[in-house]
Amino acid sequence: MKKTAVVTAGTAGIGLETALGLSSAGFSVTVVGRNADRGARAVERINATSPAYPARFLAADLASLDEVRALADRIASGHAASGDPLTVLVNNVGAMFGDRRDLGGVEASFVVNHLSPYLLTELLLPPLTAGAPSRIVNVTSGAVGVAKRVFDAVEPSGGYYGFHWYGRAKLANLAYTIDLAARLDGTGVSVFAADPGGAATDMTNGTMTDPKIVSPALRLMWPLVRRRFVRSTSGPASVAARPSIVAATDEALAGRTGIVIGAQARPVAPFRGATDPRVAEAVRRLSERHAPLAATT
């Protein structure tokens, strides 16, 4: 049976390396991104490895929930028309912002790092269930360790600090991932989180070099803290992609769910705050309120 995979933010960096790994494992891979030129280059690179199936690119701005809905419809319709099951969804999209910004009235980091993958996943549950055994892989981050764990609103009170806000959005998504795994247990859809650790990416070599993205109390220690999240300035994205590839393909994980694959590409204990049912319930309410499955007028 043909195995298919969708990788968001799959045109460069960790996402592209994940797509290359899945293609090498025999998957027909669809990469999603904003830029058609980068998409074409990604497809060309994947196809140059002589995959079993040619790759394809779908354009979507995952910072727009309306575009996420349209993307989900295109993916689901395509699989329905072809008869090929949707086997793997890798939510690799992520972004950190140096300055606070809104996307549709909601703080941008929460949109890109949680609401967008949450909405795409929920909308693709029917084809993923139909394609079972299938897997959902949500890319997480060690930044969850500095996150505020209160989710009575999208944005916590106080000054804006990009790294903390990024970590909080990733914590929301990790709590959702663990909650979703329990919800889908027995359906044949396995749910995993993958922590890439640190790598030299546009984000780590750009936004993360500015100490103003962390609270004043952390700024003096920021060079040391940052090194925890970035292996080196030359750390390859191919290594950081391994946890996602393992989560998506490792036969040893068949029938298992709710597992975090750590930076060494092995299962690790999830961050404790993400396993709190009160956090999961608060995240669920926020997600349903700000990213309804149907677009509102």
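As shown above, the structure is provided for reference.
Residues numbered from 1 in each chain as written. Predicted model: local features only at pLDDT ≥ 70, side-chain atom pairs only at ≥ 80, totals over all residues. Heavy atoms only, no water.

## Some thoughts on the overall build of the protein chain
Our working rule: Only DSSP runs of H or I covering at least 4 residues are called helices, and only runs of E covering at least 2 are called strands; the numbering of each starts at the N terminus. For every residue, the accessible area (1.4 Å probe, protein chains only) is compared with the maximum for its type, and the residue is labelled buried under 20%, exposed over 50%, or partly exposed between those bounds. Contacts are residue-level and defined by heavy atoms, with any inter-residue pair within 4.5 Å sufficient. The Shrake-Rupley method, run with a 1.4 Å probe sphere, supplies the accessible areas, and residue values consider only the shown protein chains as cover.
Assigned secondary structure in the protein chain consists of 11 helices and 10 strands. Taking all 297 residues of the protein chain together, the buried fraction comes to 53%. Sequence-distant contacts in the protein chain: of pairs separated by 6 or more residues, those separated by 24 or more amount to 72%. For the protein chain, the exposed surface amounts to about 12800 Å²; the carbon and sulfur share of it is 52%.

## Focus on the sheet that holds strand E9 (residues 259-261)
Pairing between sheet strands relies on hydrogen bonds along the backbone, with the strands arranged either parallel or antiparallel. Short version of the rule: At least two DSSP bridges between two strands are required for those strands to pair. As a rule, the C-alpha atoms of each element are fitted with a line to give its axis, helices using only the stretch in contact, and angles between N-to-C directions run from 0 to 180 degrees.
Overall, mixed pairing links the eight strands, which are arranged E3-E2-E1-E4-E7-E8-E9-E10 in an open sheet. Strands with a single pairing partner mark the edges of an open sheet, and in this sheet they are strand E3 (56-59) and strand E10 (267-268). Across three bridges, strand E8 (residues 189-194) lies against E9 in parallel orientation. By the bridge assignment, Ala193 is partnered in E9 with Val260. With respect to the sheet, helix H3 (residues 65-82) is in contact with strand E1 (3-8), strand E2 (27-33) and E3, its orientation differing from that of E3 by roughly 145 degrees. Along the sheet, helix H10 (residues 242-249) makes contact with E2, strand E4 (88-91), strand E7 (134-139), E8 and E9, crossing E7 at roughly 160 degrees.

## Things to note about the packing of aromatic side chains
Under the convention used in this document: The pairing test for Phe, Tyr and Trp rings, Trp by its six-membered ring, is centres within 6.5 Å, and the orientation test on the planes gives stacked under 30 degrees, edge-to-face over 60, and tilted for anything in between.
Counting across every chain of the model gives three aromatic pairs. Relative to Tyr176, the ring of Tyr118 lies with its centre 5.1 Å away and its plane at 75 degrees, an arrangement referred to as edge-to-face. Taken together, the positions of Tyr118 in helix H4 (residues 108-123) and Tyr176 in helix H6 (residues 162-184) put the pair 58 residues apart, joining distant regions of the chain. Side by side, Tyr118 and Tyr176 carry an identical accessibility label, which is buried. Between Tyr161 and Trp165, the aromatic rings sit 6.4 Å apart at their centres with planes inclined by 75 degrees, giving edge-to-face as the arrangement.

## Some remarks on the pairing of E7
Successive side chains on a regular strand alternate, one facing one side of the sheet and the next facing the other. Applied cut-off: Handedness of a crossover is defined as follows: with both strands directed away from the viewer, a clockwise route from the first strand across the helix to the second makes it right-handed.
Burial analysis of E7 places six of its six residues in the buried class, which makes it a mostly covered element. Judged by which residues are buried, E7 turns out to be covered on both faces: Ser134, Ile136 and Asn138 on one side and Arg135, Val137 and Val139 on the other are all buried. As defined by bridge partners, E7 adjoins E8 across six bridges and the pair is classed as parallel. Within E8, the position partnered with Arg135 by the bridge is Ser190. Once you follow E7 into H6 and on to E8, the crossover reads as right-handed.

## Comments concerning the pattern of salt bridges
Using the following cut-off: When a carboxyl oxygen of Asp or Glu is within 4 Å of a side-chain nitrogen of Lys or Arg, the pair counts as a salt bridge.
Counted under the stated rule, the structure contains 10 salt bridges. Notably, a salt bridge pairs Glu155 with Arg100, separated by 2.6 Å at the nearest N-O pair. Separated by 55 residues along the polypeptide, Glu155 in the loop between E7 and H6 and Arg100 in the loop between E4 and strand E5 (102-103) bring together distant segments of the chain. With relative accessibility at 25%, the residue Glu155 sits in the partly exposed group. We note a salt bridge from Asp276 to Arg278, for which the minimum N-O separation is 2.9 Å. A single network of salt bridges, built from pairs that share partners, joins Asp179, Glu281, Arg284 and Arg285.

## Details of the layout of surface pockets
Where empty space is left in the structure can be found by rolling a water-sized probe over the atoms. The condition that has to hold: With a 1 Å grid laid over protein atoms only, a set of points is called a cavity when a 1.4 Å probe fits there but cannot get out and a pocket when it is open yet has protein on both sides within 12 Å along at least five of seven lines; lining residues have an atom within 4 Å of a point. Grid points are joined across faces, edges and corners, and a volume is the space filled by probe spheres set on the points. Any residue outside Ala, Val, Leu, Ile, Met, Phe, Trp, Tyr, Cys, Pro, Asp, Glu, Lys and Arg is labelled polar, Gly included; the first ten of those are nonpolar and the last four are charged.
Its boundaries defined by the atoms lining it, the second largest pocket holds a volume of some 420 Å³. Thr87, Pro133, Ser134, Arg135 and Glu251 are, among the 28 residues lining the second largest pocket, the residues nearest its centre. Of all the elements in the fold, those that place two or more residues in the lining of the second largest pocket are E7, E8 and H10. The residue makeup of the lining of the second largest pocket, split by class, is 12 nonpolar, 10 polar and six charged.

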